[in-house]
Amino acid sequence: MTELQHITTASGLVFDTWVDGPPDGPLVLLLHGFPQSRHTWRHQLPALAAAGYRAVAPDQRGYSPGARPDPADLAHYHYDRLIGDVIDLAAACGHGSGRFHLVGHDWGGQVAWGVADRHPDRLASLTILSRPHPSSFVRALQAPDGDQKHRSRHHRAFLSADTARLLLEDDGRRLRQGLVDGGVPPEAVADYLSVLGTPAALEAALGWYRAQAELRASLGKITVPTLYLWGDADSSVSRMAAEGTAEFVTGPFRFEVLPGLGHFVTDQVVEPVNALLLQHLRSFPAR
């Protein structure tokens, strides 16, 4: 049964984390994106647990009150720190060595790509939802057609010091509307705002964008077995960026297009995502 735990890592940060499944099962770490939280994985955790996996979904750095260093110092939210949190969380879950499975959506996918690049020996498999490989994203961002640049125009707004206030005013109207427009059901919107609906949390979450402008990252080709899921109605990720990801993975790679789905895939469908995820994990066991 899914329970909330407070996991303390070697760095002293305390992450609010949903945990499910047998303690001795293969570890699956699930990383959420923006503007979401551990609730992104509410339908995946029970399915993973039922299949014998130890599923762990933290509210990441800045989202958890106990893991919220001052976002005024963007060094706290540097890409390397976010990658380090994943390795630290695995260790805190009893996997200080050996391999585990990593799943990431949106910003969590961006971090997961970085873990796969810098710690390939630690991962049995990689599953990415929505977020293309950073090199494919940057290439699409620079394309003459301007499609990806247009889709990513909200990133610039997130750099403004006034953004958190604007998103949260009128009971978070803009933040809520953006999720609803993306196909997120009302009960899930409420869950996300329960984590991110304060100025302190939102400023910290925006620190991820401010510390890494335009989501640029210098990564090599990925050798870890990778499943990449992308909804073809995703308003923030172009087809060019999604399809180009294959060029940056040299390990076993599977690209699944989810017809008619947008950016918030796990909020829109359950069974297709669970079936593809479980099949991928079984194909590349951690032990």
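Residues numbered from 1 in each chain as written. Predicted model: local features only at pLDDT ≥ 70, side-chain atom pairs only at ≥ 80, totals over all residues. Heavy atoms only, no water.

### Observations concerning the nonpolar core
- Counting residues in each nonpolar core, the largest one holds 62 residues, and the members touching the most others are Leu29, Phe34, Phe100, Leu102, Val111 and Leu126.
- Filtering out sequence-adjacent residues up to four positions away, Leu29 remains in contact with Val56, Val86, Leu89, Ala90, Phe100, His101, Leu102 and Val103.
- Counting 22 residues, the second-largest nonpolar core is a separate cluster that includes Trp18, Ala57, Val103 and Leu227. (Core = buried A, V, L, I, M, F, W, Y, C linked by side-chain atoms within 4.5 Å. Buried < 20%, exposed > 50% of the residue type's maximum accessible area, 1.4 Å probe, protein only. Contact = heavy atoms within 4.5 Å.)

### Structural notes on the environment of Arg118
- Inspection of the secondary structure puts Arg118 in helix 3 (residues 107-118).
- The spacing of Arg118 and Asp80 is 38 residues in sequence and 9.8 Å in space, taken between C-alpha atoms.
- With residues up to four places along the chain from it excluded, the contact list for Arg118 reads Tyr79, Asp80, Ile83 and Leu219. (Helix = DSSP H or I, 4+ residues; strand = E, 2+ residues; numbered from the N terminus.)

### Digging into the side chain of Asp85
- Here Asp85 lies in helix 2 (residues 79-92).
- Once you skip the residues sitting within four places of it in the chain, Asp85 turns out to touch Leu13, Phe15 and Arg61.

### Looking at the pairing of strand 1 (residues 3-8)
- Bridge count between strand 1 and strand 2 (residues 14-20): six bridges; the pairing is antiparallel. Looking at strand 2, one finds that His6 is bridged to Asp16. (Pairing = 2+ DSSP bridges.)

### A word on the packing of helix 2 against helix 3
- Close contact between helix 2 and helix 3 brings their axes to 9 Å; oriented N to C, the two are set at 75°. When the axes of helix 2 and helix 3 are compared, the pair comes out roughly perpendicular. Packed against helix 2, whose contacting residues are Tyr79, Asp80, Leu82, Ile83, Val86 and Ile87, the element helix 3 presents Trp107, Gln110, Val111, Trp113, Gly114, Val115 and Arg118 at the interface.
- Of the residues in the contact of helix 2 with helix 3, the class split is nine nonpolar, two polar and two charged. (Axes fitted to C-alpha atoms, helices over the stretch in contact; angles between N-to-C directions. Parallel < 35°, antiparallel > 145°, perpendicular 65-115°, else oblique. Nonpolar A, V, L, I, M, F, W, Y, C, P; charged D, E, K, R; others polar.)

### Some details on the sheet that holds strand 6 (residues 123-129)
- In space, the eight strands of this open sheet follow the order 1-2-4-3-5-6-7-8, with mixed pairing throughout. Two strands bound the open sheet, and with one partner strand each, they are strand 1 and strand 8 (253-258). Sheet twist, expressed as the mean angle between neighbouring strand axes with direction ignored, is 20°.
- Two elements, strand 3 (residues 27-31) and strand 5 (residues 100-105), share four bridges in a ladder whose sense is parallel. From the neighbouring strand, Leu30 faces strand 5, where its bridge partner is Val103.

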